[in-house]
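Coordinates in review
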Amino acid sequence: MTEFFTVIMITILAVISPGADFAIVTKNSYLYGRSVGVLTSIGIALGVLVHVTYTLVAVAIVMKLAPNFLTIIKYLGALYLIYIGYKTFTQKPVHDVGSSARISSGQALRYGFFTNALNPKTTLFVISTYTQIVSVSTPKSILIGYGLFMSVAHFIWFALVALLFSQRTLREKMLQQQVAINRVIGFILGLLGMFLLFANLN
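The structure presented is a predicted model; accordingly, all values stated were derived computationally and were not measured.

Taken as a whole and judged by the stated rule, the model has 2 aromatic pairs. With a centroid separation of 6.4 Å and 25° between ring planes, the pair formed by Tyr146 and Phe149 is classed as stacked. With Tyr146 and Phe149 both in helix 7 (residues 140-165) and 3 residues apart, this pair spans about one turn of that helix. On the basis of relative accessibility, which here comes to 2%, the residue Tyr146 falls in the buried class.

Turning next to helix 7. Taking 1.5 Å per residue, 26 residues should reach 38 Å; helix 7 reaches 37 Å between its end C-alpha atoms and fits that length. Listed as buried for helix 7 are Leu143, Tyr146, Gly147, Met150, Ser151, Ala153, His154, Phe158, Ala159, Val161, Ala162 and Phe165.

What follows deals with the confidence of the model for the protein chain. Reading predicted coordinates in detail is not appropriate for stretches of low pLDDT. A residue-level look at the protein chain finds 84% of positions with pLDDT of 70 or above and a mean pLDDT of 80. At the low end of the mean pLDDT range in the protein chain sits helix 8 (residues 168-176), at 70; at the high end sits helix 7, at 91.

Take the side chain of His51 next. Examined against the element boundaries, His51 turns out to sit in helix 3 (residues 34-65). In this structure the side chain of His51 is engaged in a polar contact, spanning 2.5 Å, whose partner is the backbone oxygen of Asn116. Other than its neighbours up to four places away in sequence, His51 contacts Asn116, Ala117, Asn119, Thr122, Thr123 and Val126.

Turning next to the nonpolar core. Core analysis: the biggest nonpolar cluster contains 22 residues, and Phe125, Tyr130, Tyr146, Met150 and Leu189 have the highest contact counts within it. Elements with a minimum of two residues in this core: helix 1 (2-16), helix 3, helix 4 (69-89), helix 6 (120-133), helix 7 and helix 9 (178-201). Here Met150 is in contact with Thr11, Val48, Val52, Phe125, Val126, Thr129 and Tyr130, once residues within four sequence places are set aside. Ranked by size, the runner-up nonpolar core spans 10 residues in total, among them Val25, Ala153, Ala162 and Phe165.

This brings us to empty space enclosed by the protein. Across all of its chains, the model carries 1 cavity of 30 Å³ or more by this definition. Computed from the structure, the largest cavity encloses a volume of approximately 100 Å³. Around the largest cavity, the lining residues are Ala14, Val15, Asp21, Ile84, Asn119, Lys121, Thr122, Phe125 and His154. Of all the secondary structure elements, the ones that give two or more residues to the lining of the largest cavity are helix 1 and helix 6. With 3 residues, the top contributor of residues to the lining of the largest cavity is helix 6. Looking at side-chain class alone, the lining of the largest cavity contains 4 nonpolar, 3 polar and 2 charged residues.

Below, the discussion takes up the side chain of Ser151. By secondary structure assignment, the location of Ser151 is in helix 7. Residue Ser151 is classed as buried on the basis of its relative accessible area, which comes to 8%. Excluding anything up to four places from it in sequence, Ser151 contacts Ala45, Leu46, Val48 and Leu49.

Scoring rules and cut-offs
Residues numbered from 1 in each chain as written. Predicted model: local features only at pLDDT ≥ 70, side-chain atom pairs only at ≥ 80, totals over all residues. Heavy atoms only, no water. Phe/Tyr/Trp six-rings, centres within 6.5 Å; stacked < 30°, edge-to-face > 60°. Helix = DSSP H or I, 4+ residues; strand = E, 2+ residues; numbered from the N terminus. Buried < 20%, exposed > 50% of the residue type's maximum accessible area, 1.4 Å probe, protein only. Expected span 1.5 Å × (residues − 1). pLDDT = per-residue confidence, 0-100. Polar contact = N/O pair within 3.5 Å; in protein donor to acceptor, adjacent residues only side chain to side chain. Contact = heavy atoms within 4.5 Å. Core = buried A, V, L, I, M, F, W, Y, C linked by side-chain atoms within 4.5 Å. 1 Å grid on protein atoms, 1.4 Å probe; cavity = no way out; pocket = protein on both sides within 12 Å on 5 of 7 lines; lining within 4 Å. Points joined across faces, edges and corners; volume = space filled by probe spheres on them. Nonpolar A, V, L, I, M, F, W, Y, C, P; charged D, E, K, R; others polar.

The structure is reproduced here in structure tokens:
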């Protein structure tokens, strides 16, 4: 139960850590307004479901053919979480991207969707966290529920980002504090990754 709670916390922290998805939402919100930012957030959430779907299929196959292989993946997943903690800790600030062109609702959805559907960070994150809660006895409802939680968490966070960052003054203030925010999130992610690593060793 403790391990599952830790994975939920890692998911929340990883969702709010700045990356390509953060950059595209803040850019679209700042340049094109609130509605475009929210649509981009929906696209990001749908992109996460792509990774969830193939991870569920792959995990099911691995559990049948090579159940011991999952243990190795758990170690790699914990190490990856330590790695993204480090990358977040050292993340460079996101800067404004100037543009005067307007984009359509469909474009906003596509930008968000492909940002996460083709994002290696999201791929590795979904796989590495899923393997921490999978066992032979894990109900499918738990696995599907966790996947939906990942997607909804992405939408809620980035919709909030869109709502806030479409206000220019607030966005500029938050961007000024990015380094400190990244370091706190990165440190916690790395710490939780180490917790999972040692939990798997015991």
